[in-house]
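# Reading the structure
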Amino acid sequence: MRDYILTRLALAVGAVLGAAALLFLLLDILPGAGGTDRPAWVRFLGLFTGDTGAPNTLGERLAVTLPLALLALVIAGAVGTGLGLAAGRYRGMVDGLVRALSGVLALLPPFWLGMLLALLFAALLKLLPASGFVPWSNLPGALASLLLPALALGLPYAGQLALRIRRDLGSVAEDDVQRLRAQGVAASAARWKLGLAGALPELPQAMARIFGALLIGAALVESVFFLPGLGRQILGAAEQHDLGLLRGGLLLLIMVAACGMLLLALLRVLVDPALRAEWRR
Amino acid sequence: MTLEAAPVRPGIDPRIVLGATLAVIIAFLALVSLAWTPHGAASLTPLAEPDAIHWIGTDAIGRDGTSVLMTATLTTLLLAVFGTLASLFVGIPVGAALAVRLPPSRRTAHVTSMLPPALLIGMLVSGLAAPANLTLFLAIALPGTVVAATITRRVLAPLWHRDYVTAARLAGLRPLAAAQRHVLPRLLPQLGALGLELLAIAILIEVSLSFAGLGVLPPGTSLGLMLREAQQFMAIRPLLILVPGAVAVVTALALMLAATGLRGARHGA
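Residues numbered from 1 in each chain as written. Chains lettered and ligands numbered in written order. Predicted model: local features only at pLDDT ≥ 70, side-chain atom pairs only at ≥ 80, totals over all residues. Heavy atoms only, no water.

The name that an unreviewed UniProt entry assigns to chain B is ABC transmembrane type-1 domain-containing protein, with the source organism given as Devosia insulae DS-56. Check the Sequence similarities (unreviewed entry) section of the UniProt entry for chain B; it says "Belongs to the binding-protein-dependent transport system permease family." If you open the UniProt record of chain B and go to Subcellular location (unreviewed entry), you find "Cell membrane". (UniProt positions renumbered as here; feature names shortened; annotations may be inferred.)

So, in structure tokens, the structure goes:
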């Protein structure tokens, strides 16, 4: 368990430092970046404090993107786990349906799904707002304006997660099934039990990867729904070739992604008996 | 210990036929745009309603939507093919070397994991004012190479350590000859599937990046750019959003379906 935690920590720190170094090399040493009047080390440290050499709104932008990614994570986790477990439990028709649905969902670009949802729920049914963001002071309004974007962002990853859980549930060693059957457990119950025991410890790391992908992928969905998020600001900075803002925004995005992925991956300690047994020894 | 018999070559999977047929039809229609499109580049009324002559109406600058769609599909396919070929040319040899030299690894990869790095690379490279084609090429080829190497290593390692391969080498066959006779026939369908999957994701990367303004820019055309340009007219001309997106998604799905069939997986991806 200590090895696992240390590895995860080292990966997170390494990812952030590596990204910072790469961004600094590409976007700061090259001519055209803002703030060249200050010494290089001040600019490098400024990357971590959000100081881009010009006034910026990265912090309040993150206050839209992070909740959006978290809401999408909940949707992806709930729908994906539900679909995956259903497919693993009821083989046959349910399994076939889930596989087809998840296969299609997993390949839908979130931004296009967002357009479809906006057409359906906002333009046709007039149920939810199609674009814009209500400030957080109006909590129900803010959540309502994040609901469609979060669905668009989360559902494709729900499809990917369902396929993964379904595959993990199916990969059970025949020897283990035989052993449980010898103890008097029915074959189907044995498969289900062993499948769950194999799939559950993999879930936190799968969720961690999904969180990283959601945070980065949020940019496109934010442009579809005109949300004032961090991703959309980064896209704007890339378009304007505003390298200072691009550098600061990208590193903030990567730091938040690395922290979230670290926390989610550490949840494995709670659900993996092998890791806990290692600790007690 | 039992020696494993060399496998029998399976028949053609229906999923390959369906997926390949769809993909070939779409690629053919895209290629036709080089010689002929229904209305060429004629300037018509902007944002005209769809009718029997202009199937999905006209776009914001008055081009016939169907004609633009054919040209755009070709651009998207070409960009995706170039990026995919580069990934395969570098990734497969690297993966093969790793599989033969290093002990087997449990590390695996899925092609969908290419999308977040591709988006980051797109933001970075496009921010540096690189040309659109270079941005898209790097965004597809860099993550694609890593995925191709990882999957090649993962697929090749167990095939290389099969009993019948070891037996052939013990009988005096040189490594390359053993590989050609006993490994390649089972490896090729897997590599073909890998190529198709990479191509499917490369199409989605082009569409996403160009939509975000990081890829193809006007006056060029691509499926992603069509979506970007039609976004503000989405509520009045939904077909200009639905059709280009559907072409990209259906092409990607068809390629993935063919890949699943080629891989011979009984239980899906």
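To continue, consider empty space enclosed by the protein. Scanning the model with the defined rule gives two cavities of 30 Å³ or more in all. Estimated volume of the largest cavity: approximately 240 Å³. What lines the largest cavity is a set of 21 residues, and nearest its centre among them are Pro110(A), Tyr157(A), Leu220(A), Leu115(B) and Ser208(B). Per-element accounting of the lining of the largest cavity gives the leading share, five residues, to helix α9 (residues 203–225) of chain A. Considered class by class, the residues forming the lining of the largest cavity number 18 nonpolar, three polar and no charged. Reported here for the second largest cavity is a volume of approximately 30 Å³. As for the second largest cavity, its lining consists of Leu161(A), Arg164(A), Ile165(A), Asp168(A), Ala199(A), Glu202(A), Leu203(A) and Ala206(A). Looking at the lining of the second largest cavity, the elements with two or more residues in it are α6 (139–170) and α9 of chain A. (1 Å grid on protein atoms, 1.4 Å probe; cavity = no way out; pocket = protein on both sides within 12 Å on 5 of 7 lines; lining within 4 Å. Points joined across faces, edges and corners; volume = space filled by probe spheres on them. Helix = DSSP H or I, 4+ residues; strand = E, 2+ residues; numbered from the N terminus. Nonpolar A, V, L, I, M, F, W, Y, C, P; charged D, E, K, R; others polar.)

This paragraph deals with the UniProt feature "transmembrane region" (unreviewed entry) in chain B. The UniProt feature table records "transmembrane region" (unreviewed entry) at residues 16–36, 77–99, 111–130, 191–216 and 236–259 of chain B. Structurally, residues 111–130 of chain B comprises 65% helix and 0% strand, and the distance from its first C-alpha atom to its last is 25 Å.

Right, let's talk about the pattern of salt bridges for a bit. Going through the model one piece at a time under the given rule, you end up with eleven salt bridges over all chains. Put simply, Asp95(A) and Arg91(A) hold a salt bridge, and the shortest N to O gap is 3.6 Å. Asp95(A) gets classed as buried once you look at its relative accessible area, which sits at 6%. One salt bridge in this structure joins Glu197(B) and Arg263(B), with 2.9 Å as the shortest N-O distance. Taken together, the positions of Glu197(B) in helix α6 (residues 175–211) and Arg263(B) in helix α8 (residues 239–263) put the pair 66 residues apart, joining distant regions of the chain. Look at the salt bridges and you will find they share partners, linking Arg91(A), Asp95(A) and Arg166(A) into a network. (Salt bridge = Lys/Arg side-chain N within 4 Å of Asp/Glu carboxyl O. Buried < 20%, exposed > 50% of the residue type's maximum accessible area, 1.4 Å probe, protein only.)

If you look at the biggest cluster of nonpolar residues, it comprises 146 residues, and the most contacted ones within it are Phe111(A) and Met123(B). Take this core: its biggest share by element is 16 residues, from α6(B). When residues no more than four places from it in sequence are discounted, the contact partners of Phe111(A) are Leu220(A), Val221(A), Val224(A), Val207(B), Ser208(B), Phe211(B) and Leu227(B). (Core = buried A, V, L, I, M, F, W, Y, C linked by side-chain atoms within 4.5 Å. Contact = heavy atoms within 4.5 Å.)

This part takes up the confidence of the model for chain A. Mean pLDDT over chain A works out to 86, with 93% of the residues at or above the 70 mark. Ranking the helices and strands of chain A by mean pLDDT puts α9(A) first, with 93, and helix α2 (residues 40–49) of chain A last, with 72. (pLDDT = per-residue confidence, 0-100.)

Time to look at the side chain of Gln205(A). With respect to the element layout, Gln205(A) can be found in helix α9. When near neighbours in sequence (up to four residues on either side) are disregarded, Gln205(A) contacts Tyr4(A), Arg8(A), Ala265(A) and Arg268(A).

Residues and elements named next belong to chain B. Note the cis peptide between Pro218 and Pro219, where omega equals 10°. Among the structural elements, Pro219 can be located in the loop between α6 and α7 (223–230). Residues other than glycine seldom take positive phi values, yet Ala129 does so here, at roughly 65°. Tracing the backbone through its elements, the reader meets Ala129 in the loop between α3 (115–127) and α4 (132–160). A residue is classified by how much of its surface remains accessible, and Ala129, at 48% relative accessible area, is partly exposed.

A few words now on the side chain of Thr150(B). All names here are of chain B. Structurally, the position occupied by Thr150 is in helix α4. Only 2.6 Å separates the side chain of Thr150 from the backbone oxygen of Val146, close enough to count as a polar contact. Excluding its chain neighbours within four sequence positions, the residues that come into contact with Thr150 are Arg107, Thr108 and Ala109. (Polar contact = N/O pair within 3.5 Å; in protein donor to acceptor, adjacent residues only side chain to side chain.)

Two numbers describe how helix α5 (residues 110–124) of chain A lies on α8(B): the axes approach to 11 Å, and their chain directions differ by 140°. Between α5(A) and α8(B) the crossing geometry is left-handed. When α5(A) is examined against α8(B), the residues Trp112(A), Met115(A), Leu116(A) and Leu119(A) are found in contact with a partner set consisting of Ile241(B), Leu242(B), Gly245(B), Ala246(B) and Val249(B). For the contact of α5(A) with α8(B), the residue count by class is eight nonpolar, one polar and no charged. (Axes fitted to C-alpha atoms, helices over the stretch in contact; angles between N-to-C directions. Left-handed = near helix turned anticlockwise from the far one by under 90°.)

On the surface, Val81(B), Leu85(B), Phe89(B), Val90(B), Val94(B), Leu98(B) and Leu102(B) cluster together into a nonpolar patch covering about 580 Å² of accessible area. Turning to its location among the elements, Phe89(B) is positioned in helix α2 (residues 65–101). (Patch = residues over 30% accessible without salt bridge, like charges linked within 9 Å, V, L, I, M, F, W, Y side chains within 5 Å. Areas by Shrake-Rupley, 256 points an atom, 1.4 Å probe, with all protein chains shown as cover.)

Before going further, it helps to spend a moment on the confidence of the model for chain B. For chain B, the average pLDDT comes to 87, and 93% of its residues sit at 70 or higher. In the model output, the complex is listed with pTM 0.90 alongside ipTM 0.89.

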